[in-house]
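Structural overview for review
Listed below are the residues making up each chain.
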Amino acid sequence: MNNTIIAVDIGNSTICVGLFVDGKLKHRLDTISSIDDILLFKQKFSYFLASNHIDNKDIVGGLISSVVPSFTNTIKNDIFEVCNVTLDVMSLKHFSFIEMDIDNPRELGSDLASDLVACKKHYGYPSLIIDMGTITKFLLLDEKAVFTGTSFFPGVNGCINIMRSSTAQLPTISLDNKPKDLLGKNTIDAMKSGIYYPTLFFINGMKDEMRKKYPNVKLILTGGNGNTFKDDLKDFIYDKDLILKGIYEIYINN
């Protein structure tokens, strides 16, 4: 019998499910965080378990991190209907063991708490985490592993949406790869370079400022858009599974 724990990250752009078997992340399911995909989640999750040969009797529990309250109960109920296991939804009580030096710990989202816990466990501190999701977040764990603050910056998809919705003629684009040049020679390349390089320069600028105070700070990159930028952020360790690892650690610490 395998000891299987389910970690669920419900984000604004994606929903990720991780299966931890005997303490190791073995399988990952990614789906779009949208009404259409929510309607298909139970079917996808059932197939996900079956295709990875996970039996219901192997699942001992799990935890949900959600920043989209309207989707939370649907996902929780779907998982229960598929494998007859009720998952808790993460709240402040679950990560109260994180040391914080911020104005209001109740404002800390479960996604950020998961990043912090996983970083402390797997990479140490002081650490600067760059989570490139719907919003690009900067989080600092100081030399005593205290969470001392964060900074939010518009994410890649948000920049694309603002550019598109604020104009009459610009097309819809995606930024899955690094633009070829700093300046584009057509509309699409101009849009891509205008999002990619300012974001890259901003991240490097924040990194340089942080290193003035913490010369030995570890640099961790995660989030859905991190893969696009990782080759130009060579000082950073890229870990696409950071949030899932943090959800797992928070679960076993409760």
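The shown structure was predicted, so the numbers you read here are calculated from the model rather than taken from an experiment. (Residues numbered from 1 in each chain as written. Predicted model: local features only at pLDDT ≥ 70, side-chain atom pairs only at ≥ 80, totals over all residues. Heavy atoms only, no water.)

**Section: the packing of aromatic side chains**
Taken as a whole, this structure holds 8 aromatic pairs when the rule is applied. Taking 4.5 Å as the distance between ring centres and 15° as the angle between the ring planes, the aromatic pair formed by F20 and Y248 counts as stacked. With F20 in strand β2 (residues 14–21) and Y248 in helix α8 (residues 242–252), the pair connects residues that are 228 residues apart, well separated along the chain. Like Y248, F20 is buried. Arranged with centres 5.4 Å apart and planes meeting at 90°, the rings of F138 and F202 form a pair that is edge-to-face. Taken together, the positions of F138 in strand β7 (residues 135–141) and F202 in helix α6 (residues 187–213) put the pair 64 residues apart, joining distant regions of the chain. Judged by its relative accessible area of 2%, F138 is buried. Site record: aromatic cluster; members linked through ring pairs are Y196, Y197, F201 and F229. (Phe/Tyr/Trp six-rings, centres within 6.5 Å; stacked < 30°, edge-to-face > 60°. Helix = DSSP H or I, 4+ residues; strand = E, 2+ residues; numbered from the N terminus. Buried < 20%, exposed > 50% of the residue type's maximum accessible area, 1.4 Å probe, protein only.)

**Observations regarding the sheet that holds strand β4 (residues 59–66)**
Taken in spatial order, the 5 strands line up as β3-β2-β1-β4-β5 in an open sheet, and their pairing is mixed. Strands with a single pairing partner mark the edges of an open sheet, and in this sheet they are β3 (24–32) and β5 (88–89). Note that strand β1 (residues 4–10) and β2 share 7 bridges and pair antiparallel. What sits directly across from D9, in β2, is C16. Where helix α2 (residues 41–51) meets the sheet, its contacts fall on β1, β2, β3 and β4, and the angle it forms with β3 comes to roughly 155°. Seen against the sheet, α8 touches β1, β2, β3 and β4 and runs at an angle of roughly 125° to β1. (Pairing = 2+ DSSP bridges. Contact = heavy atoms within 4.5 Å. Axes fitted to C-alpha atoms, helices over the stretch in contact; angles between N-to-C directions.)

**Section: the packing of helix α4 (residues 110–122) against α8**
Running from N to C, α4 and α8 point in directions that differ by 85°, and their axes come no closer than 7 Å. With respect to α8, the element α4 is oriented roughly perpendicular. Mapping the contact onto sequence places D111, A113, S114, D115, V117, A118, C119, K121 and H122 in α4 and L242, I243, K245, G246, I247, E249 and I250 in α8. Residue composition of the contact of α4 with α8, by class: 8 nonpolar, 3 polar and 5 charged. (Parallel < 35°, antiparallel > 145°, perpendicular 65-115°, else oblique. Nonpolar A, V, L, I, M, F, W, Y, C, P; charged D, E, K, R; others polar.)

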